[in-house]
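Per-entry structural report
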Amino acid sequence: MKLLAIGGGNSRIRGGGKCPLGNVSMKDYLNYIGGEWVGATSAQFIENRNPADTREVVTRYPSSGATEAKQAIEAAAGAHRSWSQLTPVARGRILSKASFILEGRKSELAELLMREEGKTLAESLGEVQRAADIFRFYGGLSYTIGGQTLPHDLPGNLLYTLRQSLGVVGLITPWNFPIAIPSWKIAPALVAGNSVVIKPASQAPAMCCELARVLAEAGLPKGVLNVVVGNGREVGGELARNPKVAGLSFTGSHAVGHQVYQQLALRMARAQMEMGGKNPTIVLADADIDLAVSLVCRAGFGLTGQACTATSRVIVERSVADEFTQKLAARAKTWKVGPGWQPGVEMGPAVNEQELLGNLQHVKWALEDGAKLVAGGSRLTEGELAHGYFMEPTVIADVRPEMRLAREEVFGPVIAVLAVDSFEEALQVANNVDVGLSASIVTRDIKKAMIYSELIEAGVVKINQISTGLALQAPFGGVKNSSTDTFREQGAAALDFYTRTKTVYLDYSC
Ligand code: NAD
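Now for a look at the structure at hand. Since the model is a prediction, treat every value here as computed from it, not as a measurement.

A separate point is the pairing of strand 8 (residues 157-165). Direction of pairing for strand 7 (residues 149-150) relative to strand 8: antiparallel, over a ladder of two bridges. Looking at strand 8, one finds that Leu 150 is bridged to Leu 159. Taken together, strand 7 and the strand that follows it, strand 8, pair antiparallel across an intervening segment of six residues, in which Gly 156 is found at a positive phi of about 70 degrees. Sheet analysis places strand 8 next to strand 23 (residues 499-507), joined by nine bridges and oriented antiparallel. Residue pairing for strand 23: Gln 164 is matched across the bridge by Arg 500.

Next comes the structure, spelled out in structure tokens:
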């Protein structure tokens, strides 16, 4: 079946929409396979509405399955050889050019991101800028991709290594950072010489389609990057099972990541799974409480709490717990919630109804478990907010470590406060979960901060900083059930996943 022949970002106006910013139009996208925008065999569509105002249809996609995934894998396999034979520097030039194009389209892309995923305009602009910076970074890093020369035991011999691409890599991404996460996988994959099939989350695939368009404009040869939008089990499952996919990098929930990892293990393919967290911020008695409140609010309510590194547990020393909780609750009540395009808005909606209802269910369970609601807890339905998936920034106190709220990822603006008697107990409570992604501490005691950085079971440690926010040049990944802990993403470390080492022995003495 062919869609309206549009694909890759052409658009048509539909009924004006509700978002008052410039480019108010619905976009129909197709899959991007072998350098062409193509439809799917199914007659089904995926339709995404603006989560801040569901009266607006923002995007529409063909609902693809294993057939389209197979076509994309074939296209990627066909394109790999010539792409991998370019020098890294030649590949890097295309990435650098893509970075410039992204910057040039920053406001238009940020608006689309905001309308499809729901984050605020400021957050959306920041994320598109991050994508541009990521492409610039890996464009520059292309000059460093090489092997090692080692001393040989014998004279007249050379011993060295080559760093080579894997072949076709599959990428599966979540909806919460719809351009940053695809970029931090696509850019290192491409610069290392791989060809790619990416399956973005169905809630927000537009940025991935736009990345394909940007890279094509930057000169990426046909077939090197392919985008297939559709059912996770079918498209993602094909990427996991197909023997032509040499490696798969996944970001998403633990339930899905665990399943995909098992499929990859069956055929011993290279795997990188990055999953959720239950990120603690410890507030010690000596902390600047106002600073702690500000950091926790930004890390818990920023991005609507829909960040894998969001603070969801605050573990506070009992002597300052009341003061901290009161100030946190007061700030939560003034946190401005609304559509991302309104000036001054600090928090947008949940991405969809399912996520919103899940957040509210966690609040209900916590109260049933005996915790105390000190701010928020409800859906917001006043005025225009009735058209979106908005909820109040929520603070729940008297949470104990065994409660569901202290153990399960909520993925929404719900902060649990747990009181403890000492730094040692705080550390023990912080580590007493089966995940470990980001962990923050607020204190003036450098010794305790250093001990925390050594003993906390997490991939990222923040001292007097928010638990969210990452440097693109630094390695990123979790421990325990937050990650397979096989390879790190981001920075130069990302190239380890996307390359393999070959060792060459050369005898020139004969
Ligand atoms: P999800 O696991 O539901 O989906 C992730 C991706 O997997 C989507 O593209 C989805 O379509 C696909 N998928 C679903 N079922 C599949 C299957 N059976 N086989 C293959 N693929 C399948 O996650 P989500 O709701 O999109 O994202 C939220 C989760 O992602 C949270 O748990 C969050 O913590 C996590 N996350 C982690 C990081 C990190 O870097 N560690 C970053 C962002 C989000």
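Further notes follow.
Our next topic: the packing of aromatic side chains. The final tally for this structure, using the stated rule, is eight aromatic pairs. Ring geometry for Phe 487 and Phe 497: centres 5.2 Å apart, planes at 80 degrees, overall edge-to-face. With a gap of 10 residues between them, Phe 487 in the loop between strand 22 (479-480) and helix 15 (494-498) and Phe 497 in helix 15 connect regions that are remote in the sequence. By the ring-pair criterion, three or more aromatic residues cluster together here, those being Phe 487, Phe 497 and Tyr 498. The side chain of Arg 60 reaches across the aromatic face of Phe 45, ending 4.4 Å from its centre. The ring of Trp 365 carries Arg 404 above its face, with NZ or CZ at 3.6 Å from the centroid.

Here we take up the site of the ligand. For the ligand, the set of nearby residues contains 28 residues, the closest of which are Thr 173, Lys 199, Ser 253, Met 275 and Glu 409. Measuring from a nitrogen atom of the ligand, one finds a backbone N or O atom of Gly 232 at 3.4 Å. Contact with the protein chains removes 89% of the 840 Å² of surface that the ligand exposes when unbound. Looking at the shell around the ligand, the elements with two or more residues in it are helix 7 (232-241), strand 12 (245-251) and helix 8 (254-266). Broken down by element, the residue count for the shell around the ligand peaks at four residues, all from helix 7. Both domain 1 (27-275 + 484-501) and domain 2 (279-471) contribute no fewer than three residues apiece to the shell around the ligand.

Evaluated as defined, the whole model comprises zero disulfides. Considering cysteine sulfurs only, Cys 209 is the nearest to Cys 208, which forms no disulfide, with 6.7 Å between them. Using a relative accessible area of 0% as the deciding quantity, one classes Cys 208 as buried. Here Cys 297 is not disulfide-linked; the sulfur of Cys 308 is the nearest cysteine sulfur, at 20 Å. The class for Cys 297 is buried, based on a relative accessible area of 1%.

About the cut-offs
Residues numbered from 1 in each chain as written. Predicted model: local features only at pLDDT ≥ 70, side-chain atom pairs only at ≥ 80, totals over all residues. Heavy atoms only, no water. Pairing = 2+ DSSP bridges. Helix = DSSP H or I, 4+ residues; strand = E, 2+ residues; numbered from the N terminus. Phe/Tyr/Trp six-rings, centres within 6.5 Å; stacked < 30°, edge-to-face > 60°. Lys NZ or Arg CZ within 6 Å of the ring centre and 35° of its normal. Near = heavy atom within 4 Å. Polar contact = N/O pair within 3.5 Å; in protein donor to acceptor, adjacent residues only side chain to side chain. Areas by Shrake-Rupley, 256 points an atom, 1.4 Å probe, with all protein chains shown as cover. Domains from an automatic or database assignment. Disulfide = S-S within 2.5 Å. Buried < 20%, exposed > 50% of the residue type's maximum accessible area, 1.4 Å probe, protein only.

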